[in-house]
Structure formats: structure tokens, C-alpha cells
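Survey of secondary and tertiary structure
Next come the chains, spelled out residue by residue.
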Amino acid sequence: AGERGEAFAPSNIALCKYWGKRDRELNLPINASLSVSLAHLGSHTIVTESDTGADRVVLNGIEQSTDSKFARKVVEFVSLFRGDLQQPVLVSTENNIPTAAGLASSASGFAALMLALNQFYNLNLTDIELSACARMGSGSASRSIFTGFVEWQMGHRDDGMDSHAIVLDKPWPDLRIGLVKVTTAEKKVDSRAGMQRTVESAHLYQSWPLQAAADLEKLHLAIGQQDFMLLGETAEQNALSMHATMIASWPPLLYWQPESVAAMHKVWDLRAQGLQVYFTMDAGPNIKLLFQQQDEAALLEAFPELEVVAPFSS
Ligand code: DP6
């Protein structure tokens, strides 16, 4: 192993969501998804040799207990690439994602870890291979290997090696993402458990792969033509369709809080007044706005605590 591996990977917001696995071992999705990476918001990870004779995991400067869920997931992932080297490692990660903005840190976390391990173990993997490997830590991490618009192709092979992300290389400088903090309430069911419950118990889930495939096509069109309305409408409908399958699960899975619904109505009211703004939501109560630079001032007025990200600013 080398002396040190160090990397940053951005968080990402899916415009067409990944929801449901066809293989839980290899973490293969039922549908393809498409996201936009969040530029400078994400995870910075350093991998070095551990000096204590045991694997160590540090998150935002705090040593994690070896039997915590987080440390176990990290060590399990490192072990996929350790080979015969029994050398214990120290993995240290800093997330600069605004706390409680409702952004998954598993996407940027596993992507940054994969990039750092590639250096540390001199794996010399290509970006495509890094994406397929990051996927095994967390599905959405396959997309966080890249910046800008990214598509995670579901793949069809049993070994999963064709299930990785690709970058679309279609910059859209005026695009803005707004992070709205609705509530800091901890989510009780994580994405992994949530999607499994949906696949197993919601008849409505049968329509999801069709919805996702149609939305993916629309998003490609929207991105190709920089058609903001098509992008926003597609992303919002896609998110609400995913949530419909969750609500139709048993026991029901409703991530929305009263504040989430209030924020949705606010977006719809603003839209009725002529503002081009849309939202998307993941497996939590917070909402993320999609808008264009020209409307940033109006949206900051409507949502004073909005955290604005310009995904294509350098
Ligand atoms: C709703 O990637 O966190 O955010 O593969 O089990 O780690 P695992 O799931 P994860 O799921 C993300 C679900 C989502 C939609 C998305 O980001 O595409």
C-alpha cells in the first residue's frame, strides 16, 4: 500500500431517483437514475496506515466506535480492496454538507473513500471502474465519482460490472439547487431499508420502473436543450412518484413532515405567481429547489434560509 490516499467527492441530487434493488449483495438497481453533483459540497477523505494495530474510522474529527453501524460499513468496504494486505487503516472523513440539509452523506462518503483507496492501494482503476466499485458501498455513490450531470446506468450483467455512472458533459451554468432545511428530525427508516420495504410490499411499485425510464428520457431531452421547465417538471413528478410508492408500502413510509408539505405548497404558490421553481425530495423530510440564476433573489426572499448551490460554477 502507498503512504496515503486523499480525495474529495461531491454530494449529488437525483433528478430521476434510484429506488429499488434487483440484487442486494452487489447493490444493483432496478432502474437507471440521473443526478446533478453539488460542486464543493461533499466529503473529503484521507486513508493512511493505522498506528494502533486496528482499523480506525474518524468522522468530522470524532473517532467512531468500531461496532457502530458507520464504522462497520466503512471497514467492510475497505476490506473489499485490502487483498492480502492485513495492514490496518485509518479512514478519516470530513463532510462539509450543511448539517441537517437532508443530504445523504453516504453518496459523497463512499465515492471519496473509493477515490482515496484507489490511491492508497495503487489500484489504478478507471473512473468507470471506480464508479462501479463505489456503487457497492452505496448506490448513489456511483454518481458522486463524477461532477455535473451524471447518469447511473443500471446495467444488465449478473456480475454488476456494467452498472456504473457516466458523466453527461452538458454544463448548464445558470442552474441552481436550493437546499431548504425543513426540519432536523432524524429519519427513522434509511433509504436501504425503505426501498426494500417498498419493493416487497407496494403493488404501486410495479409502475415505478416505467415512470423512471420515461423520466430519464425527458431529462436527457431537457438537458440537451436546456429546457428548464421540462427539467423541473420531470424532476418534481419523478420525486413525487417515488414518494407515492413509499406511501403505498406496508407499514406505510411517509417521510414528509407538516413543514415539508407547507414548503411544497409554497413552491406551487410561487409557480402560480409565475416564478420558475420546482422541488425534489429524497428519503427524508427536506426539500431541494430547482431554479435558475435569474430567480435567485426572489427565492432567497421566499426562503430566507435557503442554501444555494451552483453545480456548474468552477
Ligand atoms: C432516495 O444510495 O442511499 O436518495 O444503495 O442502499 O446505499 P443504498 O441507497 P442510497 O439511496 C438513495 C435513494 C434516494 C434517491 C437517489 O439518490 O437516487
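Check the entry above for the structure.
A brief structural summary. Not measured: the values here are computed from a predicted model.

**What about the overall build of the chain?**
A count of helical and extended segments in the chain gives eight helices and 13 strands. Taken against the 2.2 N^0.38 rule, which gives 20 Å for 314 residues, the C-alpha radius of gyration of the chain at 19 Å falls within 12% of a compact globule. Of all 314 residues assigned to the chain, the portion counted as buried reaches 45%. Relative to all contacts within the chain whose residues are 6 or more apart in sequence, the contacts with residues 24 or more apart total 71%.

**Structural notes on unusual backbone geometry**
Residue Pro-251 follows Trp-250 across a cis peptide bond; omega there is -10°. Its location among the elements puts Pro-251 in the loop between helix H6 (228–247) and helix H7 (258–272). Of note, the phi angle at Ala-39 is positive, near 50°, even though the residue is not glycine. As for its position among the elements, Ala-39 is in strand S4 (residues 33–49).

**A short note on helix H1 (residues 69–79)**
Taken together, the buried positions of H1 are occupied by Val-74, Phe-77 and Val-78. End-on view of H1: buried residues confined to an arc of 100°, all on one side of the axis. Residues of H1 that are exposed and point over 90 degrees away from its buried face: Lys-69, Glu-76 and Ser-79. Check the buried side of H1 and you find it contacts strand S5 (56–59), strand S7 (89–95), helix H2 (105–120) and helix H3 (127–137).

**Some remarks on the environment of Val-36**
Looking at the secondary structure, you find Val-36 in strand S4. For Val-36 and Ala-14, which are 22 residues apart along the polypeptide, the C-alpha to C-alpha distance reads 6.4 Å. With residues up to four places along the chain from it excluded, the contact list for Val-36 reads Asn-12, Ile-13, Leu-15, Gly-148, Phe-149, Ile-177 and Pro-311.

**Let's talk about the environment of Phe-279**
When you line up the elements, Phe-279 lands in strand S11 (residues 278–281). Spatially, the C-alpha atom of Phe-279 lies 18 Å from that of Met-246, the residues being 33 residues apart in sequence. Discounting residues that sit within four places of it in the chain, Phe-279 has contacts with Glu-236, Met-264, Val-267, Ile-287, Lys-288, Leu-289 and Leu-290.

**Thoughts on the packing of H2 against H3**
It is the contact of H2 with H3, at a shortest axis distance of 9 Å, that shows an interaxial angle of 125°. When the axes of H2 and H3 are compared, the pair comes out oblique. The two elements H2 and H3 meet at a crossing, and its hand is right-handed. Contacts between H2 and H3 pair Phe-110, Ala-111, Leu-113, Met-114, Leu-115 and Asn-118 from the former with Leu-130, Cys-133, Ala-134 and Gly-137 from the latter. The residue inventory of the contact of H2 with H3, partitioned by class, reads eight nonpolar, two polar and no charged.

**A look at the packing of helix H5 (residues 208–225) against H6**
Their axes nearest at 9 Å, the elements H5 and H6 cross at an angle of 165°. As far as their axial angle goes, H6 and H5 are roughly antiparallel. Considering only the axes of H5 and H6, their crossing is left-handed. From H5, Trp-208, Gln-211, Asp-215, Lys-218, Leu-219, Leu-221, Ala-222 and Ile-223 reach across to H6, where they touch Leu-230, Leu-231, Thr-234, Asn-238, Ser-241 and Thr-245.

Cut-offs applied
Residues numbered from 1 in each chain as written. Predicted model: local features only at pLDDT ≥ 70, side-chain atom pairs only at ≥ 80, totals over all residues. Helix = DSSP H or I, 4+ residues; strand = E, 2+ residues; numbered from the N terminus. Rg over C-alpha atoms; globule rule 2.2 N^0.38 Å. Buried ≥ 20, exposed ≤ 12 C-beta atoms within 10 Å, placed from the backbone. Contact = placed C-beta atoms within 7 Å. Arc of directions from axis to C-beta. Axes fitted to C-alpha atoms, helices over the stretch in contact; angles between N-to-C directions. Parallel < 35°, antiparallel > 145°, perpendicular 65-115°, else oblique. Left-handed = near helix turned anticlockwise from the far one by under 90°. Nonpolar A, V, L, I, M, F, W, Y, C, P; charged D, E, K, R; others polar.

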